[in-house]
Amino acid sequence: MRTTATARAWPAAILLLLSAACSATDAPATAAVKDVRAVWEAQVEAWNGGDLEGFMAGYWKSPDLVFFSNGTETRGWQATLDRYRARYQGEGKQMGTLAFPELDIVALGPDAAMARGRWRLKMPDGSELTGMTSVIFRKLPEGWRIVHDHSSA
């Protein structure tokens, strides 16, 4: 049996088509990760500038927002903002400098993504808080927003 050039080209053509199909399906996931990272970075910048409302712009402004932290559940955007204010902007409180030395963002679908990693908050007095976070983002009409935040020290 003779092998022709056309017969030898088929496996390469199939491999090329599969590669192109995988790349095409990866494009929305890559865009989602990029867009979520932009929201995340804007939140960190707002926090580090002392702008708590700017930080909260990354959260879903809904009574259905869920925030878990150290065994406490907070529901709703306003309640979450109030919690942050009491903890970091109350009398004698300071926000510190927020960083995420370990952060992984994964697209879960075209309209959902998860960010997970380690957070670090350096306070002006030199103390440092650190913990882990798992955050779910959804692509909403207003853009990518956090709909569920589970962060603990």
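1. Here we look at the environment of Arg-37
Thought 1: Topologically, Arg-37 is positioned in helix H1 (residues 5–48).
Thought 2: Residue classification places Arg-37 among the partly exposed positions, given a relative accessible area of 31%.
Thought 3: Distance from Arg-37 to Asp-104, taken between C-alpha atoms, is 9.5 Å for residues 67 residues apart in sequence.

2. Quick notes on helix H3 (residues 77–89)
Thought 1: Counted at 1.5 Å a residue, the expected span for H3 with its 13 residues is 18 Å, and the 17 Å between its end C-alpha atoms agrees.
Thought 2: Among all positions in H3, only Trp-77, Thr-80, Leu-81, Tyr-84 and Tyr-88 are buried. Each buried residue of H3 lies within a common arc of 100° when the element is viewed along its axis, so the set occupies one face.

3. Regarding the side chain of Ser-69
Thought 1: Here Ser-69 is to be found in strand E1 (residues 66–69).
Thought 2: Residue Ser-69 is classed as buried on the basis of its relative accessible area, which comes to 8%.

4. What to know about the packing of aromatic side chains
Thought 1: This model, assessed by the stated rule, comprises 10 aromatic pairs.
Thought 2: Their ring planes at 75° and their centres at 5.0 Å tell us that Trp-47 and Tyr-88 sit as a pair that is edge-to-face. Here the residue Trp-47 occupies a position in helix H1, and Tyr-88 occupies one in helix H3, the gap between them amounting to 41 residues. Across this residue pair, the class does not change: Trp-47 and Tyr-88 are buried.
Thought 3: Taken together, the ring pairs connect Trp-47, Phe-55, Tyr-59, Phe-67, Tyr-84 and Tyr-88 into an aromatic cluster.
Thought 4: When the ring centre of Tyr-84 is taken as origin, the NZ or CZ atom of Arg-83, which lies over that ring, is 6.0 Å away.
Thought 5: Sitting over the ring of Trp-60, Arg-138 keeps its end group 6.0 Å from the ring centre.

5. What to know about the confidence of the model for the protein
Detail in the predicted coordinates should be disregarded across regions flagged by low pLDDT.
Thought 1: Of all residues in the protein, 83% have pLDDT values of 70 or greater, and the mean over the chain is 88.
Thought 2: A low-confidence stretch, residues 20–24 stays under pLDDT 50, and its non-local contacts, those more than four residues away or across chains, total zero contacts.

6. A closer look at the sheet that holds strand E4 (residues 112–122)
Thought 1: Read across the sheet, six strands follow the order E2-E1-E6-E5-E4-E3 without closing on themselves; strand pairing throughout is mixed. If you trace the sheet from one side to the other, it starts and ends with strand E2 (72–75) and strand E3 (97–109), each paired once. Geometrically, the sheet is characterised by an average inter-axis angle of 20° between neighbouring strands, direction not taken into account.
Thought 2: Where E3 and E4 come together, 10 bridges link them in antiparallel fashion.

7. Considering the pattern of salt bridges
Thought 1: Here the structure, examined in full by the defined rule, presents four salt bridges.
Thought 2: For Glu-73, the salt bridge identified is with Arg-75, shortest N-O distance 2.5 Å.
Thought 3: On the basis of relative accessibility, which here comes to 44%, the residue Glu-73 falls in the partly exposed class.
Thought 4: Between Arg-118 and Glu-102 there is a salt bridge, and its shortest N-O distance comes to 3.9 Å. Here Glu-102 lies in strand E3 and Arg-118 lies in strand E4, a separation of 16 residues in the sequence.

Criteria and cut-off values
- Residues numbered from 1 in each chain as written.
- Predicted model: local features only at pLDDT ≥ 70, side-chain atom pairs only at ≥ 80, totals over all residues.
- Heavy atoms only, no water.
- Helix = DSSP H or I, 4+ residues; strand = E, 2+ residues; numbered from the N terminus.
- Buried < 20%, exposed > 50% of the residue type's maximum accessible area, 1.4 Å probe, protein only.
- Expected span 1.5 Å × (residues − 1).
- Arc of directions from axis to C-beta.
- Phe/Tyr/Trp six-rings, centres within 6.5 Å; stacked < 30°, edge-to-face > 60°.
- Lys NZ or Arg CZ within 6 Å of the ring centre and 35° of its normal.
- pLDDT = per-residue confidence, 0-100.
- Contact = heavy atoms within 4.5 Å.
- Pairing = 2+ DSSP bridges.
- Axes fitted to C-alpha atoms, helices over the stretch in contact; angles between N-to-C directions.
- Salt bridge = Lys/Arg side-chain N within 4 Å of Asp/Glu carboxyl O.

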